[in-house]
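# Coordinate analysis (summary)
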Amino acid sequence: MQLPDGRAVPDLRLDRSAVERCRALADRVADQVLAFVRRHTTVSVERSALRLLGFHGAAPGGVPHVNLMVDEIHARGLLGRGAAFWVGQAMRAGAGDPMAIVGRLASLPRRPPAPAREEAAAVEEEMRREARSAAAELRSRTAARDALRAELGEAPRPHRYVIVATGNIHDDVEQARAAAQAGADVVAVIRSTAQSLLDYVPDGATAEGYGGTWATQENFRIMREALDEESRRLGRYLHLTNYSSGLCMSEIAFAAAWERLDMLLNDAMYGILFRDINMRRTLCDQHFSRRICAFAGIVINTGEDNYITTADADEAAHTVVASQFINEALAHRAGLRDELVGLGHSFEIDPEREDTVAREFAQALLVRTLFPAAPIKYMPPTKHKRGDIFFSHAYDLMADVVARVTGQSIQLLGMMTEAMHNPLLMDRYVALKSADYVYRAWKSMGGEILFREGGVVERRAQETLGRARELLEEVARDGLPAAIGRARFGDVARSETGGKGLQGVAERGPDHFNPFLEILEAA
Amino acid sequence: MQLPDGRAVPDLRLDRSAVERCRALADRVADQVLAFVRRHTTVSVERSALRLLGFHGAAPGGVPHVNLMVDEIHARGLLGRGAAFWVGQAMRAGAGDPMAIVGRLASLPRRPPAPAREEAAAVEEEMRREARSAAAELRSRTAARDALRAELGEAPRPHRYVIVATGNIHDDVEQARAAAQAGADVVAVIRSTAQSLLDYVPDGATAEGYGGTWATQENFRIMREALDEESRRLGRYLHLTNYSSGLCMSEIAFAAAWERLDMLLNDAMYGILFRDINMRRTLCDQHFSRRICAFAGIVINTGEDNYITTADADEAAHTVVASQFINEALAHRAGLRDELVGLGHSFEIDPEREDTVAREFAQALLVRTLFPAAPIKYMPPTKHKRGDIFFSHAYDLMADVVARVTGQSIQLLGMMTEAMHNPLLMDRYVALKSADYVYRAWKSMGGEILFREGGVVERRAQETLGRARELLEEVARDGLPAAIGRARFGDVARSETGGKGLQGVAERGPDHFNPFLEILEAA
Amino acid sequence: MSGGPHLVRPYGDRRGDGVVQLSFVLPLPPGERARQAALEVARKMGLEGVQLASMEPAAEGYSFFVLYGRTPAAVDAAALEVAEVVVRKKGFDELNQVALRELGRRIVVLGACTGSDAHAVGIDAIMNMKGYAGDFGLERYPAFEAVNLGAQVENAALARLCAERRADAVLVSQVVTQRDVHRENARQLVDELERLGVRGGILALLGGPRIDHGLALELGFDAGFGPGTRPSDVANYLVAELLRRLGRTLH
Amino acid sequence: MSGGPHLVRPYGDRRGDGVVQLSFVLPLPPGERARQAALEVARKMGLEGVQLASMEPAAEGYSFFVLYGRTPAAVDAAALEVAEVVVRKKGFDELNQVALRELGRRIVVLGACTGSDAHAVGIDAIMNMKGYAGDFGLERYPAFEAVNLGAQVENAALARLCAERRADAVLVSQVVTQRDVHRENARQLVDELERLGVRGGILALLGGPRIDHGLALELGFDAGFGPGTRPSDVANYLVAELLRRLGRTLH
Ligand code: B12
Ligand code: B12
Ligand SMILES: Cc1ncc(COP(=O)(O)O)c(C=O)c1O
Ligand SMILES: Cc1ncc(COP(=O)(O)O)c(C=O)c1O
């Protein structure tokens, strides 16, 4: 098969009708999810709207102004009207700086008198104007990013993706530059452990984090600035990505958009399954955050790869594919073109078993074939990595081979020290040098290799597609929440009303007002 | 294609007529070589005959008795009659122990009176009887080896071949056991540097060597004994190999046969090109040594892999194949069945280039396809190995993949420290563990992968075969010496009368007598 | 090991040659100066006969080195004191019978991965029916009443539950270890248990890929389990230890 | 480098954290005792915060270890004294012109891989027409009369030839280094040259994968060249050095 970007990959014969059926089923699932999403808003979504309106700062205690504002509104059960409305009203009433606005909101009665029609209309018009000009600025910022990318050009695929995670943004910058100089195309800054559970986005530049660096707008800015400079020096555009899944999904998406990030880890399923975040909450946040990504041309990365770090990668291969169909449908609903839907998958089958390469080829090629236009992201072995770095290195190399031959779009390079610590400078160098070698050595093999008809690879791919379809039938019939309740994904069961953040969800009122949403939906 | 041992490998479409032509040409080359060999003998061949007759010892100075004897005979220009005859005569005349025989021989006049017909006949009969009973003992020894191999069974192919080279036979034993426990199937004890230039075989157990351990009959015995024991403990037959190429090719072959080695590096071309040994001398020695291997069921390993450590592996790929055809023909003439002709080749293309894996697949598959019944030996990257062990490890892994997919018979495992030192215990462990993983992970891929018709792999293989044929046309036309004179192999030029050891060659007389040769030719 | 000392040294090519492999990055561009600096670092680590195998341009201003050398370091293996959880293992059925007979009730075990650590796979491997490496998890044992609370469990909440449920044992998993979070976190649980006055009556087990028995003891736990632990190791340890505390022995 | 001291330390995750990776084999079966022994070896090398990444069963009675730790070792890169062959390089044609003009004759160079060392590829790379890495070999230079004697050349024979041919320079390759054969062997040539009284009049260059300038000087040579040397490095060095000896400079 020939990919849109011109690369050839081995042909994989699939039952087209089964594929269409999977898409139709995923669409049904998306309908159900969207039906709920359209009737609700969340504290994070509302805060995102306010952020667009220019409220980027935080109070002395470090609590963001948007949190203080939205908490006051939500505490009064007024979120359904839309935070932008109440803030607009406060401003019209003379409140200038953020804290003054907070004060006003704090003085709102539980059941405030409905404002006069034209008064309300005026507030909304003003806010719309504000929002439009802010959106225009946002556009020009992302346009600048796209221009630089076009000017410098991108590296050939797969893009080599590495993570930095020193906990200190300044060390991160140093490590990111080093990685870029060693050949990395994409730099991901890992978040501090459990930031996804915080219902606010920390503020400013940070130098202390656990297992990662706090995702803050300022940290985004610092890193993007460094990478812009490095991109120019190297004459190769360097992509930046970070993590949005979690309780602040849409706000981080906004900060990422504003600071010109290129990609974003963005998946409600990750939060639900691995962070025990309430599904209603995060599905609403996800939709809004994806609309922001669509507006800002940010590639989302989904987290299906994580399912097979808990479930058995071989037995649960079909759950990855089923979830990808659902994620694709949800992404399309949020206005994301295929070119922005970076579905995730990975090379995780237990290396103690036989014929793992045939089965990994089957999986990687299946995903590639099902989503030819998507910038799919291929994750390396992690779960079965061992402290024996020489074995782990060998294991990663097989993933490099599969990634190259099956024409993956983005490859997160495995680290030989995966079982030990976050990557060291030298770990990244070793991974990049080896991947370069493999890409070079296997250059034409994608168009050279054919897999035997009716062979292990083909049969395995067809089996996985079949099982994915069965699972999708179930999900479409019983709904996503029910399926998650049965631990269909990642062997983890979650309930619709359990998990963190449900209290942050509110029904939209009949006169719900969110100028940002209007712009995104119009875009 | 299905191999005799049942493994499936990718099909490679070749021009059958070209293949037949190559064999016919190689046969012509063998004719020319054999014509010379049949008319000559060498000091080493004659010493081998005496060794069979039981002269294993050495004089106090360490010079082997057989050297003292043969030197006396050769000094008098009497070698054409056959050393066994003169020694037999001396014994019949009452000389008992070796030194006494040497004394007798030293007292021979330049032109000794031709012995009475029946006298000569009697001497030869006696020697023949001696030789026959010795040969019978040799047979029973190799039979014991074969029985143990049959009893314990061999590991599946490719056999994992590792080298030990501590310089001390006792450390070698420890390292060999460790390697076997870590999964090695074949242990090669590297010789001390430049032993191949010595015109005698050192005596006894040795504890000091440079870059390897002296190849002595006693060292062979010690290692084989240890491996027999280890084989029983592990319930898996462990193969032992050593190096015979050089000035004592046939004597080392004899010692190897006697001590039940399984394989032997055995190639006159190696000596000619890389040791500057005279070609007439070593081609004679090679023929006799191969007859010994045929008699003792020893697999020979040829050294074509070495050509591409000096010449460019990609440009000179065809010289490897041409030489293999010649080596096959010469081996057949010495009575070696295909199952004993372990032709050598290797994965040596400069990793800085593109598509090296496709070209290595082409080469490995070509050799496999041309010699389906031969226990071909695949060598790892060496020349382009670097001190960066993590890169070198990655490089070796690609060779493991190619070896597995193309169904090689014996694979010498690459060492990540190749560019540094002889393998350490841990280097072997790392290589064995990784190869195990690759063999397991790629298990069925030999039967799964097809290479595109008219693709890079197929075209490259056909091109190499074509160029090998052209080279063979030249060699058959002008003769092997001329071709070697033109540096056709390994970019190294040698002349027919140059190099070491020519003075050790003698014309056979009309009444040339070599009871060992009679037995081998009759076998 | 026999009585006498047992000196061991790294072994590369010949017994006791002391050969070790080393790699690291220095903030210097490749060059003779960087080579010398790397050799000097190796020498300062006591290495002799240092061979610089490679000097790689890891990045601008950074070189990655691979070196080999011989260390004079020798260790008396016999003299080392080794803290180790030793479990004489019984089969699944036998262990259950013994436990139920001797204790006359089921052993209550709570398991969790605590603090902000979301790595549940480890504790699941020990607790869940399915188990690990073909070895049943504690939930499968009739002799155990095992409750797996999963990951991201607050220490305070876990301690409270231990008290309420009168748990015989609490199994804590810690996987994330950056900046030593696992230490703080593990200690915190012990404090909470003491605050509630239940520490004495409960067996506290700590486990994780970077945990060993020594560390667990140091952090105030009763036992520690590292990589590759099997549920049956834990089950056997628990039964044996509980019996021991009741003055009986498991035989 | 500026004037002041320039302290550098290994760098893993954060500047100066001292992180290094280490691996070695100990003659002990895997187990808690072996773990402790390995940690102890690392500590004796001065490592702190040692993490044992892996303990592998390398063979019966042998364990292979991978460890990470932090070394306190710091080196003042500015203070290191660096022996280095510095060659300001000229282009092929220019160099030939200068050499022929200044010397008025061709420079006679003999090259060989000596003793029992059969590795000719290295010396061939420097001498042969073809050259190395897209860089012509000395035989290609009009300014040089270069003779490559190949491998396995006896030191005595080589020294004799140097005398007969009145060679300006002798290029010696040594690749096999086990048991330090290359040292003995290299020294031997220098002795032979001195015996024949020609050492003073000839430039002696030593090269090979494990050779560096410092070692070459130590062994009595004028310069040493290591891995990756290009023929043009050698050509430029030779011309510059010969002119220097004639009291002129190459500019
Ligand atoms: C799977 C995985 C995840 C999954 C976890 C899914 C889940 N629900 O568990 C996901 C993808 C969600 C994840 C996320 C993250 N991870 Co994670 N993850 C891993 C990975 C790949 C495998 C861990 C695993 O499951 N091992 C398999 C189990 C069976 O082994 P085990 O945990 O050692 O358990 C065994 C023994 O230790 C013992 N045991 C364990 N616990 C207990 C308890 C008791 C009582 C007993 C008796 C025994 C016992 O028994 C078990 C069976 O033998 C490791 C890398 C690796 N290969 O180790 C990284 C790793 C642990 N993760 C890491 C990090 C940093 C993260 C993140 C923080 C990164 C980020 N910011 O995105 C996030 C956030 C997670 C968080 N806040 O904790 C780092 C930790 C670095 C460090 N040393 O601190 C690692 C090492 C990867 C790396 N090199 O960076 N991760
Ligand atoms: C090719 C090769 C062979 C070929 C040699 C063919 C030939 N005619 O040269 C063959 C197969 C014959 C061979 C045989 C053996 N080899 Co060998 N071989 C190698 C190998 C794979 C590559 C060497 C090479 O060609 N490198 C490429 C050249 C271009 O690089 P270079 O030599 O470093 O040269 C460059 C620089 O050093 C410098 N340079 C070198 N010389 C000079 C001289 C001057 C004056 C100057 C200015 C510069 C200069 O310039 C060159 C270009 O940049 C190495 C492993 C490796 N990857 O290094 C093993 C290696 C060198 N061999 C080794 C051994 C032990 C042997 C044997 C003894 C093993 C055996 N018993 O069978 C035999 C016997 C050889 C002998 N007696 O010397 C060991 C040496 C171990 C040690 N440190 O002592 C090595 C390291 C392999 C190993 N790990 O065991 N070998
Ligand atoms: C889709 C997705 N989102 C987020 C994360 C990381 O989230 P956290 O910062 O909570 O570890 C991951 C990590 O694997 C992921 O795959
Ligand atoms: C066919 C053959 N013979 C012999 C040798 C080794 O010979 P020596 O001991 O002379 O290094 C080799 C080494 O590669 C070889 O390939």
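We now turn to the structure provided with this report.

Scanning the model with the defined rule gives 155 salt bridges over all chains in all. Between Asp511(A) and Arg81(A) there is a salt bridge; the shortest N-O distance is 3.2 Å. Of this pair, Asp511(A) sits in the loop between strand E12 (505–507) and helix H20 (515–522) while Arg81(A) is found in the loop between helix H3 (65–75) and helix H4 (83–92), placing the two residues 430 residues apart along the sequence. The residue Asp222(C) makes a salt bridge to Arg245(C) at a minimum N-O spacing of 3.3 Å. With a gap of 23 residues between them, Asp222(C) in the loop between helix H6 (213–218) and strand E10 (223–225) and Arg245(C) in helix H7 (residues 231–245) connect regions that are remote in the sequence. A single salt-bridge network, built from bridges that share partners, covers Arg81(A), Glu124(A), Glu125(A), Arg128(A), Arg132(A), Asp511(A) and Glu518(A).

The next subject is the site of ligand 4. Residues and elements named next belong to chain B. Surrounding ligand 4, one finds Arg191, Ser196, Tyr243, Ser245, Leu265, Asp267, Tyr270, Arg275, Gly303 and Asn306. Interatomic distance of 3.2 Å between a side-chain N/O atom of Tyr270 and an oxygen atom of ligand 4. At 2.8 Å from an oxygen atom of ligand 4 is found a side-chain nitrogen or oxygen belonging to Asn306. For ligand 4, whose free accessible area comes to 390 Å², the fraction covered by protein is 86%. The residue makeup of the shell around ligand 4, split by class, is three nonpolar, four polar and three charged.

Bringing the coordination of the cobalt atom of ligand 1 into the picture now. Counting protein donors around the cobalt atom of ligand 1 gives one, His119(C) (NE2), at 2.3 Å. Along the chain, the position of His119(C) falls in the loop between strand E6 (107–113) and helix H3 (121–127).

Let us now look at the interface of chain A and chain B. With 43 residues of chain A at the interface, the matching set in chain B holds 43 residues. Summing the contributions of chain A and of chain B, the shared interface buries around 3700 Å²; its carbon and sulfur component is 64%. The three residues of chain A that bury the most area against chain B are Phe390(A), Tyr437(A) and Glu448(A), which together make up 20% of that side's buried surface. Note that Lys433(B) is salt-bridged to Asp388(A), the shortest N-O span being 2.8 Å.

In this section: the sheet that holds strand E2 (residues 19–26) of chain C. Taken in spatial order, the six strands make up an open sheet running E3(C)-E4(C)-E2(C)-E2(D)-E4(D)-E3(D), and their pairing is antiparallel. Taken across any chain shown, the strands that pair with only one partner, and hence form the sheet edges, are strand E3 (48–59) of chain C together with strand E3 (48–59) of chain D. Strand after strand, the sheet turns through a mean of 15° between neighbouring axes, direction not considered. Two strands pair when backbone bridges link them, and E2(C) and strand E4 (residues 62–70) of chain C are joined in this way by eight bridges, in the antiparallel orientation. By the bridge assignment for E4(C), Gln21(C) is matched with Tyr68(C). Relative to strand E4 (residues 62–70) of chain D, helix H15 (residues 389–405) of chain A is tilted by about 85°, and along the sheet it contacts E2 of chain C together with strand E2 (19–26) and E4 of chain D. Against the sheet, helix H16 (residues 425–441) of chain A contacts E2, E3 and E4 of chain C together with E2 and E4 of chain D, and its axis sits at roughly 70° relative to E3(C).

Cut-offs used in this document
Throughout, residues of each chain are indexed from 1 in the direction in which the sequence is written. Whichever chain is written first is A, and whichever ligand is written first is 1; the rest continue in order. Two thresholds apply to this predicted model, a pLDDT of at least 70 for residue-level local features and 80 or more for giving and counting side-chain atom pairs, whereas whole-chain, interface and lining totals are computed over all residues. Calculated side-chain values reflect all of the structure's heavy atoms, with hydrogen atoms and water omitted. Between Lys or Arg on one side and Asp or Glu on the other, a salt bridge is scored when a side-chain nitrogen of the former is within 4 Å of a carboxyl oxygen of the latter. Numbering of helices and strands runs from the N terminus; a helix is a DSSP stretch of H or I covering at least four residues, while a strand is a stretch of E covering at least two. To be near a molecule or strand, a residue needs just one of its heavy atoms within 4 Å of it. Under this definition, polar contacts are N or O atom pairs within 3.5 Å; protein pairs additionally need one hydrogen-donor-capable and one acceptor-capable atom, and for neighbouring residues in sequence, both atoms have to be side-chain atoms. All accessibility values rest on the Shrake-Rupley procedure with a 1.4 Å probe; residue burial counts only the protein chains present in the view. Amino acid classes used here: Ala, Val, Leu, Ile, Met, Phe, Trp, Tyr, Cys and Pro are nonpolar; Asp, Glu, Lys and Arg are charged; the rest, including Gly, are polar. Because water is not among the atoms used, a metal site may look incomplete, as its donors are only the N, O and S atoms within 2.8 Å, or 3.2 Å for Na, K and Ca. Residue contacts are counted whenever heavy atoms from the two residues lie within 4.5 Å of one another. Two parts placed together each lose some accessible area under a 1.4 Å probe, and the buried area is that loss summed for both. Two strands qualify as a pair provided DSSP detects at least 2 bridges between them. Whenever a helix is involved, its axis is fitted only over the stretch in contact; in every case the axis is a line through C-alpha atoms, and angles between N-to-C directions fall within 0 to 180 degrees.

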